[in-house]
Amino acid sequence: MNKLLISNVRLVNEGEIRDVDVFVEGDRIARIDSSIRVPEGARVIDGGGKYLLPGMIDDQVHFREPGLTHKGDLATESAAAAAGGITSFMDMPNVNPLTTTRQALADKYRIAANRCTGNYGFYLGATNSNIEEIKALQVGEACGIKAFMGASTGDMLVDDPDTLDKLFEHAPVIVVTHCEDSPTIWANEDAAKEKFGEEVPFTEHPKIRSAEACYASSSMAIDLARRHDSLLHVLHLTTEKEMALFSSAHRSEKRITAEVCVHHLWFDESRYEQLGAKIKCNPAIKRAEDRKALIKALNDGRIDIVATDHAPHTAEEKEGTYFKAPAGLPLVQHALLTLFDLVAAGQISLELLVDRACHASADLFGVQERGYVREGWFADLVIVDPATPYCVTAENVLYKCGWSPFEGHEFSASIDTTIVNGKVVYRDGSLTGVIPGRSLEFSRAR
Ligand code: DOR
């Protein structure tokens, strides 16, 4: 039986920080106490006073399998995520074939089995024509239903008003939305083409994928959810204006919740000048004032979850001109470190980081027995060293695409150890090669 004693750690969990030892037996946390004698046959990891957190649960990633595996795959990207302290992930349906049928969903779970370092869940994608598949979906079969209410990467726009109405009326589980109004964006693209021809500068991206486009679409999603009393989670919010649409009540009291992604908390539009296509993403990174408002909303509870929207594309693909370079950036390996930098800068507390990055997605998606450090629950854990900085270089990037928008940046903290289902998957700067990831169990019905 796997036995692991993690001694001398500062456990950050459920709004508290306390000095403990944690004993893991098999795939579960067996005991949390102020001092635990080394159980016979146990491996000991001396935490050295570092932080111990529940592993991050990322509710929005694009790991590109099946069909787009030249950009990334479930094995490579889940390993990079584990190196970043992400122990569970929920993967999006804009792959090839699209995950828009229950059969495609089942296929994806089959493909993932025994290949993921972390635990996995998959979304069923909505289209203008798959309402019968959505109605037939059983609770637990998917983490949620993804609706692109604005066109982005992949051909998955849901813009038919009747379909949207039916989707919100019948979705048996939570609906998560990408909100950007496509007609507004298309008009902005035409205007930019008129002005610049094909050589539109990347600095135009936040003007093309504008705040107005975001607001029009998120307010529409919220109207629909209210009308049908459905569970709605609005993904990757980017603007100050949209923050007024959300309530700061605790997530346990809300049916409409919000997500922010680390790149929108980190960058502002001034960085398009230097980083160009590398930070071209949908929705776009907006103004410094928007970034500030997102951090405020994260603190006051209008934003419930921090995630990544990890969306790798190859460096060659990103070399194209504005219209050709695909949107999206790889993030999972450094997401938790960006949040630790925000803690170091005094913008969020450590307890809040853990609440929004680890606890909240477990609650909102009804993930069984994960997301918290509790006796009897799964041992998905990460030790973070707040005193050893970590510099991102092209050499230490683990993504299949081989690049990161953070190259050259030194984060103030580093990931020391990641544990999934009781197994050490990352330690001393290296993956161990153990692949303990399992299918997540979801229990939340609408
Ligand atoms: O920037 C993005 N990239 N936004 C999305 O919504 C999709 C993603 C992708 O799949 O590349």
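Draft legend 1. Structural detail: the overall build of the chain. Helix and strand counts for the chain stand at 14 helices and 20 strands. Compactness check: the chain gives a C-alpha radius of gyration of 21 Å against a globular reference of 22 Å for 446 residues, within 12% of the reference. Principal-axis analysis of the C-alpha atoms gives the chain an extent of 70 × 45 × 40 Å. Within the chain, the proportion of its 446 residues that are buried is 60%. Long-range contacts, defined as pairs at least 24 residues apart, comprise 75% of the intrachain contacts of the chain with a sequence gap of at least 6. Here the chain has roughly 16,100 Å² of accessible surface; of this, 46% comes from carbon and sulfur atoms. When the 47 basic and 65 acidic side-chain charges of the chain are each reduced to a single mean position, those positions are 2 Å apart.

Draft legend 2. Quick look at the sheet that holds strand S6 (residues 56-61). Strands sit in the order S6-S7-S8 across an open sheet of three strands; the sheet is parallel. Each edge of the open sheet is held by one strand with a lone partner, namely S6 and strand S8 (119-122). Strand-to-strand twist across the sheet, computed as the mean angle between neighbouring axes with direction ignored, equals 20 degrees. Bridging between strand S7 (residues 86-91) and S8 involves four bridges; their strand directions are parallel. Within the sheet, the bridge partner assigned to Met 90 lies in S8 and is Gly 121. The strands touched by helix H2 (residues 102-112) within the sheet are S7 and S8, with S8 carrying the most contacts at an inclination of about 165 degrees.

Draft legend 3. Geometry of the packing of aromatic side chains. Tallied over the full model, the rule gives 13 aromatic pairs. With a centroid separation of 5.6 Å and 50 degrees between ring planes, the pair formed by Trp 266 and Phe 411 is classed as tilted. Here the residue Trp 266 occupies a position in helix H9 (residues 262-266), and Phe 411 occupies one in strand S17 (residues 410-411), the gap between them amounting to 145 residues. Accessibility classification places Trp 266 together with Phe 411 in one group, the buried group. A ring pair is formed by Phe 406 and Phe 411, whose centres lie 5.4 Å apart and whose planes are at 70 degrees; its orientation type is edge-to-face. For the pair Phe 406 and Phe 411, one class covers both residues: buried. Members of the aromatic cluster, joined through ring pairs, are Trp 266, Phe 267, Phe 406 and Phe 411. Of note, Lys 193 hangs over the ring of Phe 323, and the distance from its end group to the ring centre comes to 4.7 Å. Over the ring of Tyr 215 we find Lys 241; its NZ or CZ atom is 4.1 Å from the centre of that ring.

Draft legend 4. Geometry of the side chain of Thr 87. Take Thr 87: it is sitting in strand S7. When its relative accessible area of 1% is taken as the criterion, Thr 87 is described as buried. Those residues in contact with Thr 87 that lie beyond four places of it in its chain are Gly 55, Met 56, Gly 118, Asn 119, Asp 380, Leu 381, Thr 418, Ile 419 and Val 420.

Draft legend 5. Just unusual backbone geometry, in detail. Cis geometry marks the peptide bond from Glu 65 to Pro 66; its omega dihedral reads 5 degrees. Within the secondary structure layout, Pro 66 lies in the loop between S6 and helix H1 (74-83). In this structure, Pro 97 follows Asn 96 across a cis peptide bond, with omega equal to 0 degrees. Positive phi outside glycine occurs at Arg 64, with the angle close to 75 degrees. When you line up the elements, Arg 64 lands in the loop between S6 and H1. Looking at Arg 64, the relative accessible area reads 2%, which means it is buried. Although it is not a glycine, Asp 309 adopts a positive phi angle of roughly 55 degrees. Note that Asp 309 resides in the loop between strand S14 (305-307) and helix H12 (315-318).

Draft legend 6. Fine view of the sheet that holds strand S9 (residues 124-125). The strand order S9-S10-S11-S12-S13-S14 describes an open sheet built from six strands, whose pairing is parallel. For this open sheet the edge positions go to S9 and S14, each flanked by a neighbour on one side alone. The sheet contact formed by strand S13 (residues 256-261) and S14 spans three bridges and is parallel. Within S14, the position partnered with Glu 259 by the bridge is Ile 305.

Draft legend 7. Representation of the packing of helix H13 (residues 335-344) against helix H14 (residues 350-365) within the structure. Direction vectors running N to C along H13 and H14 enclose 150 degrees, while the axes themselves pass 9 Å from each other. Comparing the axis directions of H13 and H14 gives the class roughly antiparallel. Where H13 crosses over H14, the two elements pack in a sense that is right-handed. Facing H13, whose interface residues are Leu 336, Leu 339, Phe 340 and Val 343, H14 presents Leu 350, Leu 353 and Ala 357. In the contact of H13 with H14, the residues fall into seven nonpolar, no polar and no charged.

Draft legend 8. Quick look at the site of the ligand. Neighbouring residues of the ligand: 14 residues in total, closest Arg 64, Asn 94, His 178, Asn 282 and Ala 327. One of the backbone N or O atoms of Asn 282 is found 2.8 Å from an oxygen atom in the ligand. Between an oxygen atom of the ligand and a side-chain N or O atom of His 313, the distance comes to 3.0 Å. The class makeup of the residues in the shell around the ligand is four nonpolar, eight polar and two charged.

Draft legend 9. The arrangement of the pattern of salt bridges in detail. On inspection of all chains with the given rule, the structure shows 30 salt bridges. Here Asp 73 and Arg 115 are joined by a salt bridge, their closest N and O atoms 4.0 Å apart. Linking Asp 73 in the loop between S6 and H1 with Arg 115 in the loop between H2 and S8, this pair joins segments that are 42 residues apart in sequence. For Arg 115, a relative accessible area of 28% puts it in the partly exposed group. For Lys 400, the salt bridge identified is with Asp 73, shortest N-O distance 2.8 Å. Here Asp 73 lies in the loop between S6 and H1 and Lys 400 lies in the loop between strand S16 (390-391) and S17, a separation of 327 residues in the sequence. Under the relative-accessibility criterion, Asp 73 is labelled buried at 10%.

What counts as what
- Residues numbered from 1 in each chain as written.
- Predicted model: local features only at pLDDT ≥ 70, side-chain atom pairs only at ≥ 80, totals over all residues.
- Heavy atoms only, no water.
- Helix = DSSP H or I, 4+ residues; strand = E, 2+ residues; numbered from the N terminus.
- Rg over C-alpha atoms; globule rule 2.2 N^0.38 Å.
- Buried < 20%, exposed > 50% of the residue type's maximum accessible area, 1.4 Å probe, protein only.
- Contact = heavy atoms within 4.5 Å.
- Areas by Shrake-Rupley, 256 points an atom, 1.4 Å probe, with all protein chains shown as cover.
- Lys, Arg positive; Asp, Glu negative; His and termini not counted.
- Charge placed at Lys NZ, Arg CZ, Asp CG, Glu CD.
- Pairing = 2+ DSSP bridges.
- Axes fitted to C-alpha atoms, helices over the stretch in contact; angles between N-to-C directions.
- Phe/Tyr/Trp six-rings, centres within 6.5 Å; stacked < 30°, edge-to-face > 60°.
- Lys NZ or Arg CZ within 6 Å of the ring centre and 35° of its normal.
- Parallel < 35°, antiparallel > 145°, perpendicular 65-115°, else oblique.
- Left-handed = near helix turned anticlockwise from the far one by under 90°.
- Nonpolar A, V, L, I, M, F, W, Y, C, P; charged D, E, K, R; others polar.
- Near = heavy atom within 4 Å.
- Polar contact = N/O pair within 3.5 Å; in protein donor to acceptor, adjacent residues only side chain to side chain.
- Salt bridge = Lys/Arg side-chain N within 4 Å of Asp/Glu carboxyl O.

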